[in-house]
Amino acid sequence: EDLYNTVLERCATKCQNDAGCRYFEDLIERKQLQVESLALPTRQTVLRLYSYATEFDEKAFEYFNQWFETSSKKPEHLRFMINSVVYGSILHKRLITAFTFVEKCLIPVEAFPDPACCTSLITACAEGQYLKLALSFFDYTKERYPKFINIFHYNAMLNVCAKAAQEQQSKKLLHDLKARGIKPITMTYNSMIEACMFDKKLPQAIALYREMKAENLKPDSYTYNHLINCCAPGSDLDKALVFYDTMIEQSLTVPVFVFNKVLNLCLSSRNPERIPEILETMKKLKVEPDSTTLSVKARYEHAYNKQ
């Protein structure tokens, strides 16, 4: 079995998950391995393969359930197995399944997922905007395992709030983490500023920007990107240009969509003077224009008879 596990482990390491699953099925069919009597390392490897495979992900649930019933229920053994299934469930967009596994299998035996797995679970909620589910899991974790919670859990939860445009909930989380003696990082404030973005709450975003600087946290490209996205056409153009100029002055990475946002603000605010300069900066920085950039440029040239 050790030899077979070495081959399976190599498949997992090389991301040849489907091939590893087919190899394992062949071993079972030829009765060279017995599913029910596999040693723990082999079980762990097999679950890694099936959880990430494109063809056999259902088998991950089947094997886990079978081994869970016959396992020693030692937390350190179960934690590794459940992490594989949870990561696989997230990969295959089965978020409810992932939370169900944690609730029914791990929590009763005190085999809570490791911090990275918990963070991945919460982060995955942002994509589907499962705000209530994420908050419920986060609150349970805080209550049951208070020493277990760290800044990365909070950042993951703030990311969920940002995607759901929950600015007030973000403020509560910031207050809570500070009350626990956890120091926020740049990513913490970035998510909070992002939550202001959807309703164009620029004053609130600027207040957070000033707060992070007061705490000696250095804004990055994401900070300024979110701040610019909080700016509305017309009244906020000057502020957007200040944020944009700061990015250029500090040699921060300016992606094409940030250039597009600033160009659009200039055009829609009927203040096109800086458009040629911004387009020239894109060229100097070797930022490839996309269809949006070309559309703004064409509209500018048509409106102001520029060639």
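As a reminder, the structure under discussion sits directly above these lines.
Predicted model, so just to flag it, every value in this text is computed and none were measured.

Draft legend 1. Region of the structure containing the overall build of the chain. Looking only at helices and strands, the chain features 17 helices and 0 strands. Against the 2.2 N^0.38 benchmark of 19 Å for 307 residues, the chain shows a C-alpha radius of gyration of 25 Å, more extended than a compact globule. For the chain, the spread of C-alpha atoms along the principal axes amounts to about 80 × 45 × 30 Å. Of the contacts formed within the chain by residues at least 6 apart in sequence, a portion of 67% connects residues at least 24 apart. Carbon and sulfur atoms form 53% of the exposed surface of the chain, whose accessible area is close to 15900 Å².

Draft legend 2. Fine view of the packing of aromatic side chains. Summed over the entire model, instances satisfying the criterion amount to 11 aromatic pairs. Geometrically, the ring pair formed by Y63 and W67 is stacked, given 5.4 Å between the ring centres and 15° between the ring planes. Placement of both Y63 and W67 in helix α4 (residues 57–70) is noted, with a separation of 4 residues, approximately one turn of the helix. Classification of Y63 as buried rests on a relative accessible area of 4%. W67 gets classed as buried once you look at its relative accessible area, which sits at 0%.

Draft legend 3. The environment of I122, seen in detail. Counting through the fold element by element, I122 comes out in helix α7 (residues 115–128). For the pair formed by I122 and Q168, sequence separation is 46 residues and the distance between their alpha carbons is 18 Å. For I122, the residues in contact, after removing those within four places along its chain, are A134, F137, F138, H153, A156, M157 and V160.

Draft legend 4. Quick peek at the packing of helix α2 (residues 17–29) against helix α3 (residues 40–52). α3 packs onto α2 with a crossing angle of 125° between their chain directions and a minimal axis gap of 8 Å. One element, α2, and the other, α3, form an angle in the oblique class. At the point where α2 passes α3, the crossing takes the left-handed sense. Where α2 abuts α3, its residues N17, G20, C21, F24 and E25 lie against V46, R48, L49, Y50 and Y52. Taken together, the residues of the contact of α2 with α3 break down into 6 nonpolar, 2 polar and 2 charged.

Draft legend 5. Highlighting the pattern of salt bridges. Counted according to the given criterion, the structure contains 12 salt bridges. One salt bridge in this structure joins K142 and D176, with 2.9 Å as the shortest N-O distance. Separated by 34 residues along the polypeptide, K142 in helix α8 (residues 131–144) and D176 in helix α10 (residues 167–179) bring together distant segments of the chain. As far as burial versus exposure is concerned, K142 and D176 are alike and both buried. Salt bridges linked by common partners bring D139, K142, D176 and R180 together as one network.

Draft legend 6. Main features of the nonpolar core. In terms of nonpolar packing, the biggest core is built from 93 residues, with F24, M157 and F243 touching the most fellow members. Once residues lying within four places of it in the same chain are set aside, the contact partners of F243 are L202, I206, Y209, Y224, L227, I228 and C231.

Draft legend 7. How the structure looks around α10. With 13 residues, α10 ought to run about 18 Å at 1.5 Å a step, and its terminal C-alpha atoms sit 19 Å apart, in line with that. For α10, the full list of buried residues reads E167, S170, L173, L174, D176 and L177. On its buried face, α10 is in contact with α8, α9 (151–163), α11 (186–197) and α12 (202–214). Following α10 by one or two positions, G181 adopts a phi angle in the positive range, close to 80°.

Draft legend 8. Inspection of the packing of α9 against α10 at higher detail. Packing of α9 against α10 brings their axes to within 9 Å, and their N-to-C directions diverge by 170°. Between α9 and α10, the angle falls in the class roughly antiparallel. Contacts between α9 and α10 pair I151, Y154, M157, L158 and C161 from the former with Q169, S170, L173, D176 and L177 from the latter. The residue inventory of the contact of α9 with α10, partitioned by class, reads 7 nonpolar, 2 polar and 1 charged.

Thresholds, definitions, all that
Throughout this description, residue numbers start from 1 for each chain and increase along the sequence as written. The model is predicted, so local features are restricted to residues of pLDDT at least 70 and side-chain atom pairs to those at 80 or more, both for listing and for counting; the totals for chains, interfaces and linings are taken over all residues. Side-chain descriptors were evaluated using all non-hydrogen atoms of the structure, hydrogens and water having been removed beforehand. To qualify as a helix, a DSSP run of H or I must reach at least 4 residues; to qualify as a strand, a run of E must reach at least 2; elements of each kind are numbered from the N terminus. The quantity called the radius of gyration is restricted to C-alpha atoms. Its globule counterpart is 2.2 Å times the number of residues to the power 0.38. Note on definitions: a residue-residue contact is assigned when non-hydrogen atoms from the two residues lie within 4.5 Å. Computed by Shrake-Rupley with a 1.4 Å probe, the accessible areas treat only the displayed protein chains as cover when residues are assessed. Only Phe, Tyr and Trp rings take part, Trp by its six-membered ring, and two of them pair if their centres are within 6.5 Å. Stacked means planes under 30 degrees apart, edge-to-face means over 60, and tilted covers everything else. Whether a residue is buried, partly exposed or exposed follows from its accessible area with a 1.4 Å probe, protein chains only, as a fraction of its type maximum: under 20%, in between, or over 50%, in that order. To get an axis, a line is fitted to the C-alpha atoms, and for a helix only the part in contact is used. The angle between two axes follows their N-to-C directions and goes from 0 to 180 degrees. Oblique is the label for every angle not falling under 35 degrees (roughly parallel), over 145 degrees (roughly antiparallel), or within 65 to 115 degrees (roughly perpendicular). Left-handed describes a crossing in which the near helix is turned anticlockwise from the far one by less than a right angle; the clockwise case is right-handed. Asp, Glu, Lys and Arg are counted as charged, while Ala, Val, Leu, Ile, Met, Phe, Trp, Tyr, Cys and Pro are counted as nonpolar; the rest, among them Gly, fall into the polar class. For this analysis, a salt bridge means a side-chain nitrogen from Lys or Arg found within 4 Å of a carboxyl oxygen belonging to Asp or Glu. We call a set of buried Ala, Val, Leu, Ile, Met, Phe, Trp, Tyr and Cys residues a nonpolar core when their side-chain atoms join them within 4.5 Å. To estimate the expected span of a helix, subtract one from its residue number and multiply by 1.5 Å.

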